[in-house]
Amino acid sequence: MAPVVDVHTHIYPPAYVSLLRSRKDVPYMRTFPDNPSAGERLVILPSEDAATSTARGRPIGPEYYEEEEKIKFMDKHHIDISVISLANPWLDWCDKGEAAEAARMINDDVEAVCARHAGRLYAFGTLPLSAGAEAVVEEIKRLQALKYSRGVIIGTSGLGAGLDDPAMNPIWNALQETKQLVFLHPHYGLPASVYGDRANDYGHVLPLALGFPLETTIAITRAILSGVFDHYPNLEILLAHSGGTLPFLAGRIESCIAHDGHLKHAGKTEGRRSIWEILKSNIYLDAVVYAEPGLKAAIEASGMDRCMFGTDHPFFPPLEDEGDEWVSVKTNAEAVGKAFGTDEAAREAVMGGNAVRVLRLG
Ligand code: URA
Ligand code: ZN
């Protein structure tokens, strides 16, 4: 039987936690004197920072930064291998002059965590994007030599101007050349105005359930429209949350391209690779969509050999009265089971076999 592999699972390693504890602006970690019983809070989204908001940050405990908690969680939920990644917002906010050193420290920290749990933990590295393309390429090359590193995690902002920015080209080139998988993950959501005046009444639901997946969809569509996969045909990207809404909207995006006079006159509709082709040869999708219809769309779009189970641990822990099994994990695993019915080989592939093959685990 193939091992169960979690490809979407985060950690804030000690080097990153010290950085967050030393900060006063988002992102930061601290306790609030006006609400000490809330314990230490993690504030990573600008919308979470409003002092009057009960949605200010989220409680943060050892499950976010202690490696033993990751292993305990894996054991409890029968996960054999995890490919851990730094959680958002990575180093996007870091001063230009400090980012390269911070990335090295964090990546070395995570490598040491993996080495202490050899065979159970691998990692996606962090890039010093605010330091510019040259520093990023240097870290990509350094990561290639780390024993447990299997790719990189990035947000949607790239070097500051998104993933369709030509300044990203040396980075795509280095990732393609070194065959490192890019895990594309959202953080910024949509502009706050979209959520309306009563957004805080709805906790984190609008930014997390909708802002995150739409952000991913827009970022990858911009990359596709700019020709990233035409120029780097072997580049491989794993999209968080089953591709946001890309599997569902790929047909509409293709249709809009086909009907766009501006693109046609600019000669951009000829000889391009379709989104369907890119979905089946450059894109992998995690299975973090919590229900069968979304997962089926992902499988239909990219293929059962390109979808991989994930949990998004340590986010979405059980609420106070729910016991200690993580409903978020169970829901994703059950969706995989339901999507494949009696096709046990396909279920095993998504639960871990695909990740072992694609990420050369074990
Ligand atoms: N919330 C986050 O900020 N990040 C995740 O990965 C999941 C939920
Ligand atoms: Zn995540």
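The notes below deal with the structure included here. (Residues numbered from 1 in each chain as written. Chains lettered and ligands numbered in written order. Predicted model: local features only at pLDDT ≥ 70, side-chain atom pairs only at ≥ 80, totals over all residues. Heavy atoms only, no water.)

So, the pattern of salt bridges
Moving on, step 1. The full count for this structure, using the stated rule, is 13 salt bridges.
Moving on, step 2. In this structure, R142 and D108 form a salt bridge, with 3.1 Å as the shortest nitrogen-oxygen distance. One end of the pair, R142, is in helix α5 (residues 133-144); the other, D108, is in helix α4 (residues 96-116), and 34 residues separate them in sequence.
Moving on, step 3. Judged by its relative accessible area of 26%, R142 is partly exposed.
Moving on, step 4. For R272, the salt bridge is made with E254, and the minimal N-O distance between the two is 2.6 Å. Of the two residues, R272 sits in the loop between α10 (261-265) and α11 (275-281) while E254 sits in helix α9 (residues 246-258), which places them 18 residues apart along the sequence. (Salt bridge = Lys/Arg side-chain N within 4 Å of Asp/Glu carboxyl O. Helix = DSSP H or I, 4+ residues; strand = E, 2+ residues; numbered from the N terminus. Buried < 20%, exposed > 50% of the residue type's maximum accessible area, 1.4 Å probe, protein only.)

Some words on empty space enclosed by the protein
Moving on, step 1. Tallied over the full model, the rule gives one cavity of 30 Å³ or more.
Moving on, step 2. N107, V110, E111, A123, F124, G125, L143, L146 and S149 are the residues that line the largest cavity.
Moving on, step 3. Elements that contribute at least two residues to the lining of the largest cavity include exactly α4 and β6 (121-126).
Moving on, step 4. Taken together, the residues of the lining of the largest cavity sort by class into five nonpolar, three polar and one charged. (1 Å grid on protein atoms, 1.4 Å probe; cavity = no way out; pocket = protein on both sides within 12 Å on 5 of 7 lines; lining within 4 Å. Points joined across faces, edges and corners; volume = space filled by probe spheres on them. Nonpolar A, V, L, I, M, F, W, Y, C, P; charged D, E, K, R; others polar.)

Remarks on the coordination of the zinc ion (ligand 2)
Moving on, step 1. For the zinc ion (ligand 2), every protein donor is listed as H8 (NE2), H10 (NE2), H185 (NE2) and D312 (OD), and the spread of their distances is 2.0 to 2.2 Å.
Moving on, step 2. Going along the chain, you hit the donors of the zinc ion (ligand 2) in the pattern H-x1-H-x174-H-x126-D. Taken together, the positions of H10 in strand β1 (residues 5-11) and H185 in the loop between β8 (181-184) and α7 (205-225) put the pair 175 residues apart, joining distant regions of the chain.
Moving on, step 3. What makes H185 buried here is its relative accessible area of 2%. (Donors = N, O, S within 2.8 Å, 3.2 Å for Na, K, Ca; no water.)

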